[in-house]
Amino acid sequence: MSKQRTLSIIKPDAVRKNVIGKIINRFEEAGLYIVAAKFKKLSRHEAENFYYIHKDRSFFKELVDFMVSGPSFIQVLEGDDAVQKNRNIMGNTDPKKADVGTIRADFADSIDANAVHGSDSLDNASKEISFFFSEIEICSKEYD
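No experiment lies behind these values; they were computed from the predicted model shown.

## Quick word on the overall build of the protein
Then step 1. Along the protein, the regular secondary structure elements total seven helices and four strands.
Then step 2. Listing every helix and strand of the protein by position from the N terminus yields β-α-α-β-α-α-β-α-α-β-α.
Then step 3. The C-alpha atoms of the protein give a radius of gyration of 14 Å, which matches the 15 Å a tight globule of 144 residues would have.
Then step 4. Referenced to the eigenvectors of the C-alpha coordinate spread, the extents of the protein come out at roughly 45 × 35 × 25 Å.
Then step 5. Nonlocal contacts in the protein, meaning residues at least 24 apart in sequence, comprise 78% of its contacts between residues at least 6 apart.
Then step 6. For the protein, the distance from the average position of its 21 positive side-chain charges to the average position of its 23 negative side-chain charges is 4 Å.

## Remarks on the UniProt feature "domain: Nucleoside diphosphate kinase-like" (unreviewed entry) in the protein
Then step 1. UniProt tags residues 3-140 as "domain: Nucleoside diphosphate kinase-like" (unreviewed entry).
Then step 2. With 40% helix and 20% strand, residues 3-140 has end C-alpha atoms that lie 11 Å from one another.

## Concerning the sheet that holds strand β1 (residues 3-10)
Then step 1. The strand order across the open sheet built from four strands is β2-β3-β1-β4, with neighbouring strands paired in antiparallel fashion. Looking at the sheet topology across the chains shown, the edges are occupied by β2 (33-40) and β4 (116-118). Neighbour-to-neighbour, the strand axes of the sheet open up by a mean angle of 20°, direction not taken into account.
Then step 2. Across three bridges, β1 lies against β4 in antiparallel orientation. Looking across to β4, one finds that Ile10 is bridged to Val116.
Then step 3. Contacting β1, β2, β3 (72-80) and β4, helix α2 (residues 20-29) crosses the sheet at an angle of about 10° to β3.

## What to know about the packing of aromatic side chains
Then step 1. What the rule picks out here adds up to four aromatic pairs.
Then step 2. A ring pair is formed by Phe50 and Phe132, whose centres lie 5.0 Å apart and whose planes are at 50°; its orientation type is tilted. With Phe50 in helix α3 (residues 44-50) and Phe132 in helix α7 (residues 122-132), this residue pair connects regions lying 82 residues apart in the sequence. Exposure class is identical for Phe50 and Phe132. Each is buried.

## Quick notes on the environment of Gln84
Then step 1. Relative to the helices and strands, Gln84 resides in helix α5 (residues 82-90).
Then step 2. In this structure Gln84 comes out as partly exposed when scored by relative accessible area, which is 47%.
Then step 3. Between the C-alpha atoms of Gln84 and Asp120, which are 36 residues apart in sequence, the distance is 7.7 Å.

Parameters at a glance
- Residues numbered from 1 in each chain as written.
- Predicted model: local features only at pLDDT ≥ 70, side-chain atom pairs only at ≥ 80, totals over all residues.
- Heavy atoms only, no water.
- Helix = DSSP H or I, 4+ residues; strand = E, 2+ residues; numbered from the N terminus.
- Rg over C-alpha atoms; globule rule 2.2 N^0.38 Å.
- Contact = heavy atoms within 4.5 Å.
- Lys, Arg positive; Asp, Glu negative; His and termini not counted.
- Charge placed at Lys NZ, Arg CZ, Asp CG, Glu CD.
- UniProt positions renumbered as here; feature names shortened; annotations may be inferred.
- Pairing = 2+ DSSP bridges.
- Axes fitted to C-alpha atoms, helices over the stretch in contact; angles between N-to-C directions.
- Phe/Tyr/Trp six-rings, centres within 6.5 Å; stacked < 30°, edge-to-face > 60°.
- Buried < 20%, exposed > 50% of the residue type's maximum accessible area, 1.4 Å probe, protein only.

What follows is the structure, encoded as structure tokens:
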């Protein structure tokens, strides 16, 4: 297994439900470590730039509107195979299709308000992490 970093965002819907701690607990129980974190309300400009890859898709405006609707908890997770492990913990983007016990099955309301975001590849994780965090803000977890 390889040590990796991935970006995780606890989205405004989950923040409003006051389940940040419950979601973080899932990451920690799976052996992922939070090595950087911030509580932030995204500006429209930030949300549009972060989700730029989706700019031509029909849901782009609604996604941006949702992401600026309230604060998010943004974090860098580190651990063995962090990208895939985080994706497994999150579950399917559509909470109706997500496996029982995943974050989206337990905390998301819809495919649009789906509680969390996680990087989908190592390459995207690197880009997404640098969008929100400078290297000096990240405290690496030392492994035994």
